[in-house]
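Listed below are the residues making up each chain.
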Amino acid sequence: MDKESIAVIEQLIENSDKILVFAHKRPDGDAVGSVIALSLFLENAGKKVTSLLPDTPPPEYDFLKGIDGIVNKAKGEFDLYISLDEADLSRTYNIPENIPKEKLINIDHHKSNTYFGGVNIVLPSYSSTCEILIEIIVERGDTDIYNALYTGMLTDTGGFKFANTSVRTLKHAIELIEKGVNHAYISQMVFMRMTRGKIKLLSLALETLDFYGDKAIMTISLDMLKKTGTTMKDTESITGYTLITRGIELGILFREESKTRTRVSFRSKGKYDVDLIARGFGGGGHKEAAGCTIDENLHTTMKMIKEKVIDL
Ligand SMILES: [Mn+2]
């Protein structure tokens, strides 16, 4: 990230008192981590910060300091608005209406970003929004901030396993560990605290796994959530299991959100560009992880997606 962009952002922050920091709906580790890290950083700088995530963060991030300060709705006017990890403002809700563009900073790493801000820091070569923030915060953070940044990088790279893990990503991770981040503790908190209900849900979901050539399809129905006492929040990290079978290049998870709405998540090992596939259905994301929401029931959505995707 270039020095001029950082200077522009710092000037805007300097001139602002009330700042709204927000990220996308159904927040993942990068959304949660980036909102917490930047909010704590701005608070340390003496700003009045409102941190917003429209949906409750998944429970695996409850160990992060600052998570309790996040609200799910913000009204009124702010001096500055900072959108994190969002390709477009339509990715969130519960934010004030008619945000003036000149007061809006857009920091993101999705290549589908629509450059909706007055200032746009869009860096698709970065693993995560947290990795971008590291370069702004660098020496001026504290342990809580660095933990949040590490969490975002860790989760968006699938534990530094995905192709978006660059040499720079790993250097940034080392930098954070040198500053005191306990990487083993964070890995345990994030990846090794599934609830019993979620393990049961995973087991039901795995039973639905179907293979079509080099593609695998998995389903989570509302009935399965009910049976296991889980909610949609518990389903977020299950998508990866569609891809761990030998020879499978494309994984699809269908989640029944309601009788008229189905969430579709795509994962790829690199052969298929799932951002492109998801965009064909009004969604998007990254080359190796993307999704879309279809206003149809589970059955119809599956039929529709299979028709277009299975023979790719
Ligand atoms: Mn991200």
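Note on numbering: residues in each chain are counted from 1, in written sequence order. The predicted nature of this model means local features are confined to residues of pLDDT at least 70 and side-chain atom pairs, given and counted, to a pLDDT of 80 or more, with totals for whole chains, interfaces and linings taken over all residues.

**Looking at unusual backbone geometry**
So, step 1. The phi dihedral of Asp 85 falls on the positive side, at around 60°, and the residue is not glycine.
So, step 2. The helix and strand labels rest on DSSP assignments: H or I over at least four residues marks a helix, E over at least two residues marks a strand, and numbering proceeds from the N terminus. Within the fold, Asp 85 resides in the loop between strand S4 (80-84) and strand S5 (104-108).
So, step 3. Each residue is classed by its C-beta neighbour count within 10 Å, where at least 20 other C-beta atoms makes it buried, 12 or fewer makes it exposed, and intermediate counts make it partly exposed; the C-beta atoms are placed from backbone geometry. Classification of Asp 85 as buried rests on a count of 29 C-beta atoms within 10 Å.
So, step 4. With a phi close to 20°, Val 138 is a non-glycine residue in the positive phi region.
So, step 5. Relative to the elements of secondary structure, Val 138 occurs in the loop between helix H3 (129-137) and helix H4 (143-156).
So, step 6. Overall, Val 138 belongs to the exposed group, with 12 C-beta atoms counted inside 10 Å.

**Points about the packing of H4 against helix H6 (residues 183-191)**
So, step 1. Taken N-terminus to C-terminus, the directions of H4 and H6 make an angle of 60°; their axes are 10 Å apart at the nearest point. Between H4 and H6, the angle is such that the two are oblique. Of the two possible hands of crossing, H4 and H6 adopt the one that is right-handed. Contacts between H4 and H6 involve Asn 147, Tyr 150, Thr 151, Leu 154 and Thr 155 from the former and His 183, Ile 186, Ser 187 and Val 190 from the latter. To obtain an axis, a line is fitted to C-alpha atoms, over the contacting stretch when the element is a helix, and the angle between two such axes runs from 0 to 180 degrees between their N-to-C directions. Each angle gets one of four labels, with under 35 degrees taken as roughly parallel, over 145 as roughly antiparallel, 65 to 115 as roughly perpendicular, and the rest as oblique. The hand of a helix crossing depends on one turn: near helix anticlockwise from the far one by less than a right angle means left-handed, and clockwise means right-handed. Remark: residues whose backbone-derived C-beta atoms lie within 7 Å of one another are considered to be in contact.

**Observations regarding the environment of Glu 10**
So, step 1. Considering the arrangement of structural elements, one finds Glu 10 in helix H1 (residues 3-14).
So, step 2. A count of 12 C-beta atoms within 10 Å places Glu 10 in the exposed class.
So, step 3. Note: C-alpha distance between Glu 10 and Glu 175 (165 residues apart in sequence) is 22 Å.

**Brief notes about helix H2 (residues 29-44)**
So, step 1. The end-to-end C-alpha separation of H2 is 22 Å, in line with the 22 Å expected for 16 residues at 1.5 Å each.
So, step 2. Counting buried positions along H2 gives 13 out of 16 residues, so the element sits mostly inside the fold.
So, step 3. Backbone geometry just after H2 places Gly 46 at a positive phi near 85°. Expected span, for any helix, means 1.5 Å times one less than how many residues it has.

**Points about the pairing of strand S10 (residues 261-268)**
So, step 1. Counting buried positions along S10 yields seven of eight residues, so the element is predominantly enclosed.
So, step 2. Think of it this way: DSSP has to see at least two bridges between two strands before they count as a pair. With eight bridges connecting them, strand S9 (residues 250-258) and S10 associate as antiparallel partners. What sits directly across from Phe 254, in S10, is Val 264.
So, step 3. The hairpin turn running from S9 into S10, its antiparallel successor, is two residues long.
So, step 4. In terms of strand pairing, S10 meets strand S12 (residues 289-294) through six bridges, oriented antiparallel. Bridge pairing links Arg 263 to Thr 293 in S12.

**What about the domain arrangement of the protein?**
So, step 1. Where each domain starts and ends follows an automatic or database-derived domain assignment. Here the protein is described as being made up of domain 1 (3-190) and domain 2 (196-309).
So, step 2. Relative placement of domain 1 and domain 2: their C-alpha centres are 26 Å apart.
So, step 3. Counting from both sides, the interface comprises eleven residues of domain 1 and, opposite them, ten residues of domain 2.
So, step 4. All residues other than Ala, Val, Leu, Ile, Met, Phe, Trp, Tyr, Cys, Pro, Asp, Glu, Lys and Arg, Gly among them, are scored as polar; the first ten of these are nonpolar and the last four charged. The residue inventory of the side of domain 1 that touches domain 2, partitioned by class, reads four nonpolar, five polar and two charged.

**A closer look at the sheet that holds S9**
So, step 1. Strand order in the open sheet formed by six strands is S7-S8-S9-S10-S12-S11, with mixed pairing between adjacent strands. Of all strands in the sheet, those bounded by a partner on one side alone are strand S7 (210-212) and strand S11 (284-285).
So, step 2. Here helix H10 (residues 298-309) sits on the sheet and contacts strand S8 (215-220), S9, S10 and S12; the angle it forms with S9, its principal contact strand, is near 160°.

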